[in-house]
Amino acid sequence: AYLNDKYAVTDKLGTAISEAVDSASSGTASGKDSSSSSSSDSVTGLLRGAIDAVRAADEDIDFKGTFGTLATSASDLANQAVEKAIEVNENYKITDQIKEKIDEATS
């Protein structure tokens, strides 16, 4: 909601889509050549509106930095999980117990 309020992302995209649809609708009634041109213009307008909305949001959020931080955090969590698994294995000798059970079952 914060980003939506601050940058009106939904408004910009909604307006661009509405304008594209209106432009395409009015272009079909006036003829084939103007319809192609009008449709092309409406698609271009839609893309420009979407690009502007994403750029505005990126200025505030810093997508690259945010995703980089998330990836680093995920990597740190995975590392901690592996370290904890090794610690638990050392304390409870889980792999040794599994090996013993396999040996018992196969002999």
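Our subject in this report is the structure included herewith. Since the structure is predicted, the reported quantities are computational estimates derived from the model, not experimental observations. (Residues numbered from 1 in each chain as written. Predicted model: local features only at pLDDT ≥ 70, side-chain atom pairs only at ≥ 80, totals over all residues. Heavy atoms only, no water.)

Side note on the overall build of the chain
Applicable threshold: Strands are runs of DSSP state E lasting at least two residues, helices are runs of H or I lasting at least four, and both sets are numbered from the N terminus onward. Relative accessible area decides the class of each residue, using a 1.4 Å probe on protein chains only: under 20% of the type maximum gives buried, over 50% gives exposed, and in between gives partly exposed. Throughout, a residue-residue contact means that at least one pair of heavy atoms, one from each residue, lies within 4.5 Å. Only the protein chains shown count as cover for residues, with accessible areas throughout obtained via the Shrake-Rupley method and a probe of 1.4 Å.
When its secondary structure is counted, the chain shows five helices and zero strands. From first element to last, N terminus to C terminus, the chain shows the α and β order α-α-α-α-α. Within the chain, buried positions represent 10% of all 107 residues. Contacts in the chain between residues at least 24 apart in sequence constitute 53% of all its contacts with a sequence separation of at least 6. Only carbon and sulfur atoms are counted for the fraction: they give 58% of the accessible area of the chain, which is about 8,200 Å².

So, a nonpolar patch on the surface
As a reminder of what qualifies: Each patch is built from salt-bridge-free residues with over 30% relative accessible area, joining like charges within 9 Å and nonpolar side chains (Val, Leu, Ile, Met, Phe, Trp, Tyr) within 5 Å. Throughout this description, the term salt bridge denotes a Lys or Arg side-chain nitrogen within 4 Å of a carboxyl oxygen of Asp or Glu.
A surface patch of nonpolar side chains, about 400 Å² in accessible area, is lined by Y92, I94, I98 and I102. Position of I98 relative to the elements: it lies in helix α5 (residues 94–106). Residue I98 is classed as partly exposed on the basis of its relative accessible area of 45%.

Things to note about the packing of helix α4 (residues 63–92) against α5
Heads up, the rule is: Where helices are involved, their axes are fitted lines through C-alpha atoms of the stretch in contact, as for all axes, and angles between N-to-C directions lie from 0 to 180°. Every angle not falling under 35 degrees, over 145, or within 65 to 115 is termed oblique; those three ranges are roughly parallel, roughly antiparallel and roughly perpendicular. In this count, Pro and Cys sit with the nonpolar residues alongside Ala, Val, Leu, Ile, Met, Phe, Trp and Tyr, while Asp, Glu, Lys and Arg are called charged and the others, Gly among them, polar.
Following both chains from N to C, one finds α4 and α5 inclined at 60 degrees, their axes separated by 6 Å at the closest point. Between α4 and α5, the interaxial angle falls into the category oblique. Contact residues: V88, N89 and Y92 in α4; I94, T95 and Q97 in α5. Considering only residue class, the contact of α4 with α5 consists of three nonpolar, three polar and no charged.

Side note on α4
How we decide: Here the expected length of a helix is defined as 1.5 Å per residue gap, with one fewer gap than residues.
With 30 residues, α4 extends 43 Å from end C-alpha to end C-alpha; this agrees with the ideal 44 Å at 1.5 Å per step. Immediately beyond the C-terminal end of α4, within one or two residues, lies K93, with a positive phi of roughly 50 degrees.

Here's the deal with the pattern of salt bridges
Enumeration over the complete set of coordinates arrives at two salt bridges. A salt bridge links K84 to E87, with the shortest nitrogen-to-oxygen separation between them at 3.7 Å. Here K84 pairs with E87, and both are found in helix α4, just three residues apart, close to one helical turn. Since its relative accessible area comes to 48%, K84 is described here as partly exposed. Put simply, D103 and K99 hold a salt bridge, and the shortest N to O gap is 2.9 Å. In this pair, D103 and K99 are both assigned in helix α5, four residues apart and thus about one turn of the helix distant. For D103, a relative accessible area of 37% gives the class partly exposed.

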